[in-house]
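Tertiary structure, described
The lines below spell out each chain.
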Amino acid sequence: MASTPLIPLHRPGDSPVHRMPVPAKFAVLLALALALSLRREDPWIVAAAWALAVVGHLASGAPTVALLRRLWGLRWLVLLLTVPQLIFLTGAETALNVARVTGLILLAGLLTLTTSTEAVLDAVERALHPLRRLGVDPERVSLALSLTIRSVPTILGFHAEIRQAQRARGARGGPWTTIMPLLVMTLRHAERTAEALTARGVR
Amino acid sequence: MPSTAPQTPTTPAASGAPAPQALRPGTARDDGGVSRSVRGIARMAVFAALVAVLGQPFAVPVIAGVPITLQTLGVMLAGAVLGPWRGAGAMVLLHLLVAAGLPLLSQGSGGLAVYAGPTAGYALGWIPGALVVGAIVQAGWPLRLWRTAAGTVLGGVAVIHACGIPVMAWQLGLSLPQAAVSSAAFVPGDLAKAVAAVLLTHTLARAYPTPFEHARRRRG
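Criteria and cut-off values
Residues numbered from 1 in each chain as written. Chains lettered and ligands numbered in written order. Predicted model: local features only at pLDDT ≥ 70, side-chain atom pairs only at ≥ 80, totals over all residues. Helix = DSSP H or I, 4+ residues; strand = E, 2+ residues; numbered from the N terminus. Contact = placed C-beta atoms within 7 Å. Rg over C-alpha atoms; globule rule 2.2 N^0.38 Å. Buried ≥ 20, exposed ≤ 12 C-beta atoms within 10 Å, placed from the backbone. Nonpolar A, V, L, I, M, F, W, Y, C, P; charged D, E, K, R; others polar. Expected span 1.5 Å × (residues − 1).

On a plain count of helices and strands, chain B comes out with ten helices and two strands. Mapped from its N terminus to its C terminus, chain B presents α and β elements in the order α-β-β-α-α-α-α-α-α-α-α-α. Contacts in chain B between residues far apart in sequence, at least 24 positions, make up 65% of those at least 6 positions apart.

Glancing now at the overall build of chain A. Looking only at helices and strands, one finds nine helices and zero strands in chain A. Of the regular secondary structure in chain A, the N- to C-terminal order runs α-α-α-α-α-α-α-α-α. Relative to the 2.2 N^0.38 estimate, which gives 17 Å for 203 residues, the radius of gyration of chain A is 22 Å and therefore markedly larger than a compact globule would have. For chain A, the spread of C-alpha atoms along the principal axes amounts to about 60 × 50 × 35 Å. Every one of the 203 residues in chain A was classed for burial, and the buried ones make up 32%. Across chain A, every contact between residues at least 6 apart in sequence was considered, and the portion connecting residues at least 24 apart equals 69%.

What follows covers the interface of chain B and chain A. Counting residues at the interface gives 58 residues for chain B, matched by 62 residues for chain A. Of all elements in the fold, only helix H1 (36–54), helix H3 (84–99), helix H4 (113–116), helix H7 (145–172) and helix H9 (187–207) of chain B reach the threshold of two or more residues within the side of chain B that touches chain A. When residues in the side of chain B that touches chain A are grouped by element, the largest group, 13 residues, is from H1(B). A class-by-class count of the residues in the side of chain B that touches chain A yields 40 nonpolar, 16 polar and two charged.

Below, the discussion takes up the environment of B:Arg218. Residues and elements named next belong to chain B. By the secondary structure assignment, Arg 218 is in helix H10 (residues 213–218). Judged by the 14 C-beta atoms lying within 10 Å of it, Arg 218 falls in the partly exposed class. Between the C-alpha atom of Arg 218 and that of Trp 141, which follows or precedes it by 77 residues, the distance is 6.7 Å. Once residues within four sequence positions are removed from consideration, Arg 218 is found in contact with Ala 139, Gly 140 and Trp 141.

The α-helix winds at 3.6 residues per turn, so residues separated by three or four positions along the chain end up facing the same way. All names here are of chain A. The end-to-end C-alpha distance of helix H3 (residues 43–59) is 24 Å, a good match for the 24 Å that 17 residues give at a rise of 1.5 Å each. On its buried face, H3 is in contact with helix H1 (16–19), helix H2 (22–38), helix H4 (64–73) and helix H6 (91–114). Looking one or two places after H3, you find Gly 61, whose phi comes out positive at around 90 degrees.

Set out below in structure tokens:
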């Protein structure tokens with residue numbers, strides 16, 4: 001029943017793009033995003049973002065088909081971006097605007113493609129360390145993140161259980177009648193999880 | 001592995017201390033020796049997961065050919081049930097995992113590309129949205145219907161659209177009024193979700209008031 005959720009959008013590999021440290025990848029992405037938004041009329045920055053995205057995808061070891069599929073996946077967004085702008089702007093301006101947004105999306109997708117979820121979460125935990133003084137506990141944040149990841153399959157299981165019970169009663173389980181029991185089961189699961197954590201010495 | 005979370009129903013019998021019977025909100029420990037902080041973390045984590053589940057394709061009802069995501073209903077419920085801080089905290093957790101590359105947003109989208117797209121403002125608006133919902137809905141105990149309605153509409157609809165419209169305008173090259181008009185198409189659906197959130201919140205508050213700690217601490 002449970003469709004396959006939680007398959008990370010990451011593709012394992014050992015390319016130079018994969019091996020680049022996570023903070024460096026974020027820095028490059030942020031710098032480009034900033035440059036793109038500050039110098040909106042500069043076609044060279046847009047070209048640089050696209051070049052980096054395409055070269056990065058090819059260097060990541062992913063097949064060229066995968067890149068083409070990603071581009072094809074952007075078709076609705078391109079349509080959505082293009083149509084309203086063509087009414088007010090010239091063709092060239094519209095093309096530049098669309099290229100800027102899609103280039104940044106491709107580049108962000110490249111970072112996700114080449115970085116494991118654990119590596120990003122590790123980087124987040126390390127980045128949170130300076131916030132200790134403000135009362136943020138990085139270990140608690142990590143604990144909460146891993147609990148969330150583990151709760152998704154559990155809650156999907158609750159959902160399947162509820163639907164099965166409804167079907168057994170011959171009830172047509174619409175989304176509205178499913179959410180109330182799902183909410184209660186989810187909150188009960190939180191209580192059990194908190195008790196189990198306490199039993200393991202988490203205070 | 002359908003359920004990896006430990007399911008041990010623990011009682012503090014081993015420590016020799018009798019388990020406190022009465023639930024006393026306002027004390028650092030409610031019952032079973034579970035600290036408020038641990039309970040809060042568990043609730044934020046499961047609620048973040050619940051919002052992720054509400055976005056998965058099978059949980060998305062299709063009305064007149066248009067898929068309606070229930071994720072914003074989850075956002076309203078997070079604020080209304082967990083209160084402002086934990087509700088917003090649950091949304092931060094969800095966003096950290098999405099940014100880390102897990103496909104937890106509607107229809108399995110995720111990764112950093114979400115934040116470069118035109119709907120980034122709506123998604124990020126869930127954080128202040130849940131905060132505002134929680135602050136208004138849980139301003140006092142028992143919950144009041146008018147307050148719950150005002151909170152879910154203000155936080156769950158107005159705040160999220162207010163965050164989403166400028167980003168969409170910027171990304172799509174629209175002016176703010178133009179973006180607001182195209183955003184307005186989603187308002188009827190969002191209001192329907194707000195009605196559902198109000199009914200669910202009040203049913204839950206009567207049947208299972210334990211999670212409404214924030215409100216119950218205000219007026220015992």
